[in-house]
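Summary of the model geometry
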Amino acid sequence: MKKLIIEGKHELSGRIKIGGAKNSVVALIPAAVLSDGICTIYNVPDISDVHRLIEMLELLNVKVTFKDETLIIDNTNAKNNEIPSNLAEKLRASYYFMGSLLAKYNHAEISYPGGCSIGARPIDLHIGGFEKLGAKTSIKDNNYTIKTNNLKGADIFLDFASVGATINLILAATKAKGTTRIYNAAKEPEIVNVASFLTTMGAKIYGVGTSEITIEGVEKLGDGIVEVIPDRIEAGTYLIIGSLLGKDLVIEGIIKEHLGSVITKLNEIGCKLKINGSTITVNKCDNLKPVKVKTLVYPGFPTDLGQPISTLLTQCEGVSLFEETIYENRMRHIPHLNAMGANIKLDDKTATIKGKTNLTGKKVEATDLRAGAAMLVAGMIAEGTTVISNIEHILRGYENIVDKLSKVGGKVKIVEEIISIANK
Ligand code: EPZ
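What you see is a predicted model, and the numbers here were worked out from it, not measured in a lab.

1. Some points on the overall build of the chain
Within the chain, the regular secondary structure consists of 14 helices and 23 strands. Relative to the 2.2 N^0.38 estimate, which gives 22 Å for 424 residues, the radius of gyration of the chain is 22 Å and therefore close to what a compact globule would have. Once the C-alpha set of the chain is aligned to its principal axes, its extents read approximately 60 × 50 × 40 Å. For the chain, the proportion of its 424 residues judged to be buried stands at 57%. Taking all contacts inside the chain whose residues are at least 6 apart in sequence as the whole, residues at least 24 apart take part in 72%. Of the roughly 16,700 Å² that the chain leaves accessible, carbon and sulfur atoms contribute 50%.

Rendered as structure tokens:
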């Protein structure tokens, strides 16, 4: 088990380069399977989810090289195979192989995906969409078998603008006969990134980034090429940390249009952000103002930054409200923040945060990826030392986090906790 040891209250100055977006690359890699040729993916972050997905590609007899942030994926000898639970359960995004294998082979075998325990996270919208396209799904011991004689274009109305269902149904529809229209589609930038990748292979996809997407099925998909967009959630996390500890901290390699709601909210709080093209310079701000944060689908305030910003709200003078609307259980960091000295009252999915409170370093836990990020922010500003356990969650979504923070003055390190047998 790895732990993160953080010594709080160190000013951060210098440059942090944002890596490729986790929530994009984890869809781009399964999407690459649709190509009958060779795919090149640039700006790939070195995070554990990428390595898990490479293992799944290799299971499909796909040849993969990963060097200098570039993935070369050679499907020349690819063949269908079941994605077993020991791999699929490691991350939620393994379910994108449902859409790509179904489109490529008319058959996908994969066990129920993993992912952060932030709610029930059903996949009914994915399965319902596949059925609309003419696929039949059977489930046995959590293993999904999805089969079709051939996929036919259909009109699909999503009950909820689900990111995963939108991407999975685009993947499945790329080679379906005829036209597929997805209504109430999600509009996240990561979906646009995936669609642009598929278009280079020859897919015909229109309207991505809006709530109505049209896909004209094609017979064959050839070589593909794409660059992973910068990770807006990683960028937002560092902007939050910079608002508390920054001294001309430069966050570089961002797409500011993807951070509209985050920049607006941080400005409302009184954070000092200087935007210049693809960089944002952030400075610590003392008199932070209380605000209301409500997470929504894109372009609303992203649910993945709800937990990290709730730590910032503990430093605002006054009463802030943080409401999570996307997941049922994304408040598991609150008790840990309160143990460090925060004053947060939780009522179902709304947290009332009374600031400004001084936080003191404690032993805490990363219960999920973004809760871990919230604890990281807390440790960076707390008096003394904070020890975060279960940081494997954090390492899934934040590339080289110790290196990036240490380089700008952060005092953070990872230690391996040897759990002695005697303790068991
Ligand atoms: C993606 O998850 C991201 N994960 C999540 O990031 C992100 O929080 C989420 O989109 C929303 O932006 C990846 O891209 C790998 P959804 P996804 O389908 O696709 C319900 C992180 O921290 N729903 O938009 O699973 C679902 O239960 C992670 O990086 C159904 O009910 O999100 C949830 O309440 C966490 N049925 C809501 O919709 C379905 O079939 C949003 O889910 C699908 C989803």
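We are not done yet, so read on.
2. A closer look at the site of the ligand
Around the ligand lies a shell of 23 residues, among which R92, D124, S162, D304 and I326 are the nearest. In this structure, Y95 approaches the ligand through a side-chain N or O atom, which is 3.0 Å from an oxygen atom. One nitrogen or oxygen atom from the side chain of D304 is found 2.6 Å from an oxygen atom belonging to the ligand. When the ligand sits alone it has 820 Å² of accessible area, and the protein chains cover 91% of it. Where the shell around the ligand is concerned, the elements lending two or more residues are α1 (22-32), α5 (124-132), α6 (163-173) and α12 (369-381). Counted by class, the shell around the ligand contains eleven nonpolar, five polar and seven charged residues. Inspection of the shell around the ligand shows a minimum of three residues originating in each of domain 1 (2-19 + 230-416) and domain 2 (22-227).

3. Regarding the packing of aromatic side chains
The relation between two aromatic rings is expressed through the spacing of the ring centres and the mutual angle of the planes. Inspection of every chain in the model, using the stated rule, returns three aromatic pairs. Here the aromatic rings of Y95 and Y96 are separated by 5.0 Å at their centres, their planes lie at 75 degrees, and the arrangement is edge-to-face. When its relative accessible area of 5% is taken as the criterion, Y95 is described as buried. By relative accessible area, Y96 is classed as buried at 5%.

4. A look at the sheet that holds strand β12 (residues 212-216)
Taking strand neighbours across the sheet as the criterion, the four strands line up as β9-β10-β12-β11 in an open arrangement whose pairing is mixed. Of all strands in the sheet, those with a lone pairing partner are β9 (155-157) and β11 (204-206), marking the two edges. In this sheet, adjacent strand axes meet at a mean angle of 15 degrees when their direction is disregarded. Sheet topology places strand β10 (residues 179-183) next to β12; five bridges connect them, and they run antiparallel. Directly across from T179, in β12, lies its bridge partner E216.

5. Observations regarding the domain arrangement of the chain
Parsing the chain into structural domains produces domain 1 (2-19 + 230-416) and domain 2 (22-227). Summarising the inter-unit geometry, the C-alpha centres of domain 1 and domain 2 are found 30 Å apart. The interface is formed by 22 residues belonging to domain 1 together with 25 residues belonging to domain 2. In total, about 2,000 Å² of surface goes out of reach between domain 1 and domain 2, with carbon and sulfur atoms giving 50% of it. When residues of domain 1 are sorted by the area they lose upon contact with domain 2, Y298, R396 and E399 head the list and together hold 34% of the total. Viewed at the interface, domain 2 and domain 1 are joined by two salt bridges.

6. Brief notes about the environment of V250
Tracing the sequence through the fold places V250 in strand β14 (residues 246-252). Under the relative-accessibility criterion, V250 is labelled buried at 11%. In the structure, V250 is positioned 231 residues away from G19 in sequence and 14 Å away in space, judged by C-alpha atoms. Excluding anything up to four places from it in sequence, V250 contacts G14, R15, I16, T279, I280 and T281.

7. Let's talk about α12
With 13 residues, α12 extends 19 Å between its outermost C-alpha atoms, agreeing within 8% with the 18 Å of an ideal straight helix rising 1.5 Å per residue. Summarising burial for α12: 13 of the 13 residues are buried, a large majority.

Conventions and cut-offs
Residues numbered from 1 in each chain as written. Predicted model: local features only at pLDDT ≥ 70, side-chain atom pairs only at ≥ 80, totals over all residues. Heavy atoms only, no water. Helix = DSSP H or I, 4+ residues; strand = E, 2+ residues; numbered from the N terminus. Rg over C-alpha atoms; globule rule 2.2 N^0.38 Å. Buried < 20%, exposed > 50% of the residue type's maximum accessible area, 1.4 Å probe, protein only. Contact = heavy atoms within 4.5 Å. Areas by Shrake-Rupley, 256 points an atom, 1.4 Å probe, with all protein chains shown as cover. Near = heavy atom within 4 Å. Polar contact = N/O pair within 3.5 Å; in protein donor to acceptor, adjacent residues only side chain to side chain. Nonpolar A, V, L, I, M, F, W, Y, C, P; charged D, E, K, R; others polar. Domains from an automatic or database assignment. Phe/Tyr/Trp six-rings, centres within 6.5 Å; stacked < 30°, edge-to-face > 60°. Pairing = 2+ DSSP bridges. Axes fitted to C-alpha atoms, helices over the stretch in contact; angles between N-to-C directions. Buried area = accessible area lost by both parts, 1.4 Å probe. Salt bridge = Lys/Arg side-chain N within 4 Å of Asp/Glu carboxyl O. Expected span 1.5 Å × (residues − 1).

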